[in-house]
Amino acid sequence: MSASDPSAPLPRAPAPRADAPLPRVDAYEKVTGATRYSADRTPPSLAHAMLAVATVGRGRVTHVETSAARAVPGVLLVATRFEEHELRPAGYRLTGGYGFQTLQPLLDDRIAYRGQPIALVVAETLVAAAEAAALIEARYEEEPVAVTLDAPGGETLGQATALPQPMFADTSVGNADAAFARSPVRFDAEYDIRPQHQVPMELLGTVVEWRGDDLVVHECTQNSEAVRHGLARQLGVDPARIRVVSPQVGGGFGQKTWLQSHVGPLAVAARRLGRPVKLVVPRTQTFHGSTFRPASRHRIRLGADRSGLLTALVHETRQQTSRHDLFASDFTSVTARMYGIGDFRGHQRLTRTDVQTPGFMRAPFEHAAVFALESAVDEIACATGRDPVALRLANDTGVDPVTQRPFSSRHLAACLRRGAELFGWAVRTPRPGSMSAADGALVGWGVAAGAYRASAGPAVARLRLTADGGIAVEVSGHEMGQGLRTAIARTVALDLGIAAARVRIGVGDTGGVPQHLTAGSWGTATALPAVHAALRKLRARLGAPDEGPVDTVAAAASTAAAGRPETVAEAVSLPPGQSAQAADRLRAGLPTPAGPEYPGFTAFSFIAHFVEVHVEPDIGRVRVERVVSVVDCGRVASPVTAASQIRGGVVWHRGGAARAQRARTPLRRVPERRSGRVPRPRQRRCRPDRRRLHRRARPAGQPARGEGVRRGGAGGGGARHRQRDPSRDGPAAPGTAHPGGGRTRVEE
């Protein structure tokens, strides 16, 4: 039985126990293939669409040849340009819009990035649409392209100056530069984080269908309300005439947080043809057709006294963005709060490049920022002779260094101690090369801490006691596989003392309550307070006490006897410090998350990772043998799905640290530039690069072979410890050269 299927019978199973984990309520449907995703919709007379995309990185389209495409049997429409009265830009999310970027393709002849759509093909079959798109040829006037941080032609701006809003301002506490200069132990290094793509299992898929003047969109999205309001702006229609349905998302990881550029053109094509249209974006096109984690560079200057007490931190960053939008970074809000460092300065810059606008990807800023900081913390431990765990414990704090407010809770020290105990950290030998496995592999043990802001947003929950005694829940949120449905079902079942199978849950559907963006690990913290408030109202309307089990079947019978088909309770919840205006923004499809700073306190979750890595010394093969992670995550609403999230995060960042990065292949010159035929890069095996292993400082003259291997659970995907170039970066402070590219100085 599906947790969201209103036609399924409701068994009278026992209620869950508070101390017992509840299995995923939608697990059976997922593993048997019964779960339906957006692209599984096949309404009558469905047509299929495909995009043709640009094969140059910047310039102008001078001609698009579509005759061969139009001649393909079954082709219904080939569109290379939409008129202003048909389609308008949805606007960029940071400027009050709804799109992942300002640029809306197919409105003019400008090419801002490789892979930008230049034509939309609709046909009777998917095969015909794909064939026709591949036959479209284009000619261009090319312009110089810059796609990396250091490429000529990139434009670098100070974020605080370019985006003069408090949320984008630089963070500064005390006088970090002066404190660093007088610190007896100083470490200075840069870390490059390369671009990465989310690549969720489910492709970007959309089915649009006009029903008279009403539009129904089945879309895989983490933000159905933004899709609804963005389409209303693009098409010039009332948002009330648009319904966006996204009950299940096959993975998002930040890729599906805003209106995608293809949805508006698809709606126009469906209106022209008078029939539903489906588009599933091919995997190769998703790397340019949606957001990604941009490249970033982090300079960390970390000071300490000789005992390892951290005295100063300067974190300067540069992040890639597009030429048409400024995707703001937020690296320093987490590094400023990782430890009790009283003198901190963060400075963030943005570099315009010729790419689509970047966006969020799982732990969008923490992934890179914490990797850089934790690497530097280990360097300080090495330079001062302190154990890395002991050094972190010595620098713990219960007060937010930025606001001087207490943390709502902070159990990082307990995580470190418990992790060290479970891992067996006490038997570690710190000398590089001193640990090896039976097969001769070098063994490295690493520890890293992590933090993530505790955010929440406004939400609306509507609970209905149905005629059969079940509870139907509609709430703001989206199910992307993280287990939101299970957390809601468990909350309702435990509160009322009923079986979780008697709870039907509707999320991601704008036909019900307003839908808030589900991202930033705030989905559960946003939805459950609203559900809890609605439960209190439902109990009051049923005349039930505030606590204890409720016989919902008997209550439903009483409701029917009174001539009412059902009992409904609705509630709105707001995070601490938010006003009713936040609920208005929710209804308008605009994100309104709160945190980590709340009135009177700051809220973060914390984690400690302990990792064992083996490196085969001759071929450089890297194996992660074991990981122990201890999490301070607050109140757990669903033990099964919470544990799954932790395991998934470890697996995600293990892959990110070793392999995940975007590999760019120069475009081959071909006689005919066919936009649907983007040349495929040569296949190559992806091997860990031994040069990327970030290594401990060693005394001068000690051989490199046998060095310990660092880090496994702190992220840093595609990371590179970057050698400072005096011609580019200026002279470094005098000190001892560090083999990884940084410099550690210990003053006597």
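As shown above, the structure is provided for reference.
Residues numbered from 1 in each chain as written. Predicted model: local features only at pLDDT ≥ 70, side-chain atom pairs only at ≥ 80, totals over all residues. Heavy atoms only, no water.

The next point concerns the nonpolar core. Counting 51 residues, the largest nonpolar core has Leu302 and Phe610 as its most contacted members. In terms of residue count, helix α10 (residues 366-384) provides more of this core than any other element does, 10 residues in total. By size, the runner-up hydrophobic cluster in this structure holds 33 residues, among which are Val217, Val227, Leu266 and Leu279. (Core = buried A, V, L, I, M, F, W, Y, C linked by side-chain atoms within 4.5 Å. Buried < 20%, exposed > 50% of the residue type's maximum accessible area, 1.4 Å probe, protein only. Helix = DSSP H or I, 4+ residues; strand = E, 2+ residues; numbered from the N terminus.)

Let's shift gears to the packing of aromatic side chains. In this description, an aromatic ring pair is defined by two values, namely the gap between the centres and the angle between the planes. Counted under the stated rule, the structure contains 15 aromatic pairs. Summarising the aromatic geometry, the rings of Phe331 and Phe365 are spaced 5.3 Å apart at their centres and angled 90° between planes, so their arrangement reads as edge-to-face. Of the two residues, Phe331 sits in the loop between β15 (310-322) and α9 (332-335) while Phe365 sits in the loop between β16 (344-353) and α10, which places them 34 residues apart along the sequence. Taken as a pair, Phe331 and Phe365 share a single burial class, namely buried. Plain terms: the ring middles of Phe423 and Trp425 are 6.4 Å apart, the flat faces sit at 45° to each other, and that makes the pair tilted. (Phe/Tyr/Trp six-rings, centres within 6.5 Å; stacked < 30°, edge-to-face > 60°.)

Our next topic: the packing of helix α13 (residues 484-496) against helix α14 (residues 523-542). Closest axis-to-axis distance for the α13/α14 pair is 10 Å, and the angle between their directions is 25°. Taken as axis vectors, α13 and α14 run roughly parallel relative to one another. The element α13 and its partner α14 pack so that their crossing is right-handed. For the pair α13 and α14, the contacting residues are Leu484, Ala487, Ile488, Thr491, Val492, Asp495 and Leu496 in the first and Gly523, Thr524, Ala527, Leu528, Val531, His532, Leu535, Arg536 and Arg539 in the second. The class makeup of the residues in the contact of α13 with α14 is 9 nonpolar, 4 polar and 3 charged. (Axes fitted to C-alpha atoms, helices over the stretch in contact; angles between N-to-C directions. Parallel < 35°, antiparallel > 145°, perpendicular 65-115°, else oblique. Left-handed = near helix turned anticlockwise from the far one by under 90°. Contact = heavy atoms within 4.5 Å. Nonpolar A, V, L, I, M, F, W, Y, C, P; charged D, E, K, R; others polar.)

Moving on to the side chain of Asp26. Take Asp26: it is sitting in the segment before α1 (27-32). With no salt bridge to any partner, buried Asp26 finds its closest opposite charge in Lys30, at an N-O distance of 4.0 Å. Setting aside chain neighbours within four positions, we find Asp26 in contact with Gln248, Glu479, Arg485 and Thr486. (Lys, Arg positive; Asp, Glu negative; His and termini not counted. Salt bridge = Lys/Arg side-chain N within 4 Å of Asp/Glu carboxyl O.)

Okay, the sheet that holds strand β21 (residues 567-573) next. Spatial ordering of the open sheet is given by β20-β19-β18-β21, a layout of 4 strands whose pairing is mixed. In this open sheet, the two edge strands, each paired with only one partner strand, are β20 (503-506) and β21. The average angle at which neighbouring strand axes cross in this sheet is 15°, direction not considered. Bridge count for strand β18 (residues 459-465) against β21 is 7 bridges, and the pairing is antiparallel. What sits directly across from Val460, in β21, is Val572. (Pairing = 2+ DSSP bridges.)

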